Amino acid sequence: MKQGAATARSNIALVKYWGKRQARLNLPAVGSLSITLDALATETTVRFDSAFESDDLVLDGERRPEQLERVSQCLDIMREMAGVSLHAHVASANNFPTAAGLASSASGFAALVAAANAALGLDLSERDLSILARRGSGSAARSIFGGFVEMYPGQDDDGLDSYAEPLLAAQDWPLEVIVAITAQGRKAVSSGSGMARSAASSPYYGQWVATHAQDMDVARSAIAARDFEALATVSERSCLKMHAAAMATTPPLIYWNGVTVECMHAVSAMRRRGVPVFFTIDAGPQLKAVCEPTAAAAVRSELAEMPGVIETLHTGLGPGVEATVSAP
Ligand code: DP6
């Protein structure tokens, strides 16, 4: 038996990924820039054993056969690299509500490839792990690293130039994030199928791709200069551009509910009052408010009091994936 374990954190993109340039290798059409979230972690154990007759996936204590295919595809690549044909049992646990759509695939696939790397003794570089995590989920490539992270779309057909790299360590600009949970339950349309539909039918998709690199440049400079206001402006613009492209899809993709919109207005009003905070929203109804540490308590209590906000989470920026080879 070969066994490995790893912990990875979730991340949220400030400059978003939406759209693929190639579906087979899951290559993004645009780059992205994210922050890794300390308090939203996934712990995964991978065991390869000749006694197993097939791969198996247990997520938060429940067998999840419907999610096994993407996991097995990732493991197949790694089994081939290691020259191993053993089946694997994967057990993964999130310390945050999976059903609330808080990017469990990002931390999940980052932890999976790091745990399998440890189990198989592959000794892969972080770049290789990022490329492998991308095959499972585009956003997972970023969760290999901590702090502020940039993902490159690359241009090669083999995808070897499409990986993430760290931009700035968490402690060098320790922003904090308040997550406002506005609805429970799994999202109706996954990011992957939503972006495919947007690419096929949204009249704004072409503009989204064409104007994306400029947002990346602005965000990179804002981070280098620790310019909160500049990062706030470009992050909200990228989020709203992504959602505009999604909404103009046929049939429409409206990921927000009324509470999401009220929270956006509340965050905008706080910033107008001089509070260093901005919002970002992925393909779901939860709002993430990114703020300077001095503002976190006030931002949290204001969002927690919004009618319809079910729960708030508070997190700082976290480290990259951490692997441990566990004894069989
Ligand atoms: C809106 O990484 O979930 O969260 O590559 O198909 O698994 P797949 O998509 P996924 O998409 C994330 C989209 C997003 C923006 C982002 O995280 O950059």
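Residues numbered from 1 in each chain as written. Predicted model: local features only at pLDDT ≥ 70, side-chain atom pairs only at ≥ 80, totals over all residues. Heavy atoms only, no water.

## Let's talk about the sheet that holds strand 10 (residues 176-181)
Here is step 1: Here 4 strands make up an open sheet; going across it, the order is 11-12-10-13 and the pairing antiparallel. Of all strands in the sheet, those bounded by a partner on one side alone are strand 11 (277-280) and strand 13 (311-316). On average, adjacent strands in this sheet sit at an angle of 25 degrees to one another, irrespective of strand direction.
Here is step 2: Across 5 bridges, the pairing between strand 10 and strand 12 (residues 287-291) is antiparallel. Each residue of the ladder has a partner; that of valine 177, found in strand 12, is valine 290.
Here is step 3: In this fold helix 8 (residues 258-272) packs onto strand 10, strand 11 and strand 12, with an angle of close to 155 degrees to the strand it touches most, strand 11. (Pairing = 2+ DSSP bridges. Helix = DSSP H or I, 4+ residues; strand = E, 2+ residues; numbered from the N terminus. Axes fitted to C-alpha atoms, helices over the stretch in contact; angles between N-to-C directions. Contact = heavy atoms within 4.5 Å.)

## Some points on the site of the ligand
Here is step 1: Inspection of the region around the ligand gives 18 residues, with Tyr17, Lys20, Ser137, Gly138 and Ser139 positioned closest.
Here is step 2: The separation between an oxygen atom of the ligand and a polar side-chain atom of tyrosine 17 is 2.6 Å.
Here is step 3: Between the ligand and lysine 20 there is a distance of 2.5 Å, counted from an oxygen atom to a side-chain nitrogen or oxygen.
Here is step 4: Compared with its free state, where it exposes 460 Å², the ligand has 92% of that area covered by protein.
Here is step 5: Here the shell around the ligand gets 3 residues from one element, more than from any other, and that element is helix 4 (residues 191-201).
Here is step 6: Along the lines of polarity and charge, the residues of the shell around the ligand split into 6 nonpolar, 7 polar and 5 charged. (Near = heavy atom within 4 Å. Polar contact = N/O pair within 3.5 Å; in protein donor to acceptor, adjacent residues only side chain to side chain. Areas by Shrake-Rupley, 256 points an atom, 1.4 Å probe, with all protein chains shown as cover. Nonpolar A, V, L, I, M, F, W, Y, C, P; charged D, E, K, R; others polar.)

## Comments concerning the packing of aromatic side chains
Here is step 1: If you walk through the whole model with that rule in mind, you get 4 aromatic pairs.
Here is step 2: Centre to centre, the rings of tryptophan 18 and tyrosine 255 are 6.1 Å apart; their planes meet at 85 degrees, and the pair counts as edge-to-face. Residue tryptophan 18 is found in the loop between strand 1 (2-15) and strand 2 (20-22), and its partner tyrosine 255 is found in the loop between helix 7 (228-247) and helix 8; the two are separated by 237 residues along the sequence. For the pair tryptophan 18 and tyrosine 255, one class covers both residues: buried.
Here is step 3: When the ring of tyrosine 152 is compared with that of tyrosine 163, the centres are 5.6 Å apart and the planes differ by 80 degrees; the resulting orientation is edge-to-face. Here tyrosine 152, found in the loop between strand 8 (148-151) and strand 9 (164-168), pairs with tyrosine 163, found in the loop between strand 8 and strand 9; they are 11 residues apart in sequence, far enough to count as distant. (Phe/Tyr/Trp six-rings, centres within 6.5 Å; stacked < 30°, edge-to-face > 60°. Buried < 20%, exposed > 50% of the residue type's maximum accessible area, 1.4 Å probe, protein only.)

## Quick look at helix 8
Here is step 1: For helix 8, built from 15 residues, the straight-helix expectation of 21 Å at 1.5 Å per residue is met to within 8% by its first-to-last C-alpha distance of 21 Å.
Here is step 2: Buried residues of helix 8: Val259, Thr260, Cys263, Met264, Ala266, Val267, Met270 and Arg271, and no others. Down the axis of helix 8, the buried set is contained in an arc of 165 degrees. They therefore lie on one face. For helix 8, the exposed residues set more than 90 degrees away from the buried face come down to Gly258, His265 and Arg272.
Here is step 3: Looking at the packing, one finds that the buried side of helix 8 touches strand 10, helix 7, strand 11, strand 12 and helix 9 (296-304). (Expected span 1.5 Å × (residues − 1). Arc of directions from axis to C-beta.)

## Thoughts on helix 3 (residues 126-136)
Every α-helical turn comprises 3.6 residues, leaving residues that sit three or four positions apart pointing alike.
Here is step 1: Listing the buried residues of helix 3 in full gives Leu129, Ser130, Ile131, Leu132, Ala133, Arg134 and Gly136.
Here is step 2: As for helix 3, its buried residues are in contact with strand 3 (27-28), helix 1 (68-82), helix 2 (104-120), strand 8 and strand 9.

## Some details on unusual backbone geometry
When glycine is set aside, most residues are seen to have a negative phi, and most peptide bonds are trans.
Here is step 1: Across the junction of threonine 250 and proline 251, the peptide omega takes the value -10 degrees, indicating a cis bond.
Here is step 2: Phi is positive for aspartate 60, which is not a glycine, with a value near 50 degrees.
Here is step 3: Looking at the element boundaries, aspartate 60 is found in the loop between strand 5 (56-59) and strand 6 (62-63).
Here is step 4: On the basis of relative accessibility, which here comes to 36%, the residue aspartate 60 falls in the partly exposed class.
Here is step 5: In this structure, aspartate 123 takes a positive phi of about 55 degrees despite not being glycine.
Here is step 6: One can find aspartate 123 in the loop between helix 2 and helix 3.
Here is step 7: Under the relative-accessibility criterion, aspartate 123 is labelled exposed at 72%.

## Concerning the state of the cysteines
Here is step 1: Per the stated rule, a full pass over the model turns up 0 disulfides.
Here is step 2: The closest cysteine sulfur to the non-disulfide-bonded cysteine 239 is located on cysteine 263, 13 Å from its own sulfur.
Here is step 3: Given a relative accessible area of 0%, cysteine 239 falls into the buried group. (Disulfide = S-S within 2.5 Å.)

## Describing the pattern of salt bridges
Here is step 1: As enumerated under the stated definition, the model contains 17 salt bridges in all.
Here is step 2: Among the salt bridges present, the one from arginine 63 reaches aspartate 56, with a minimum N-O distance of 2.8 Å.
Here is step 3: One salt bridge in this structure joins aspartate 217 and arginine 220, with 2.9 Å as the shortest N-O distance. Of this pair, aspartate 217 and arginine 220 are both found in helix 6 (residues 212-224), 3 residues apart, which corresponds to roughly one turn of the helix.
Here is step 4: Taken together, the shared-partner salt bridges in this structure form one network comprising Arg9, Asp38 and Glu322. (Salt bridge = Lys/Arg side-chain N within 4 Å of Asp/Glu carboxyl O.)

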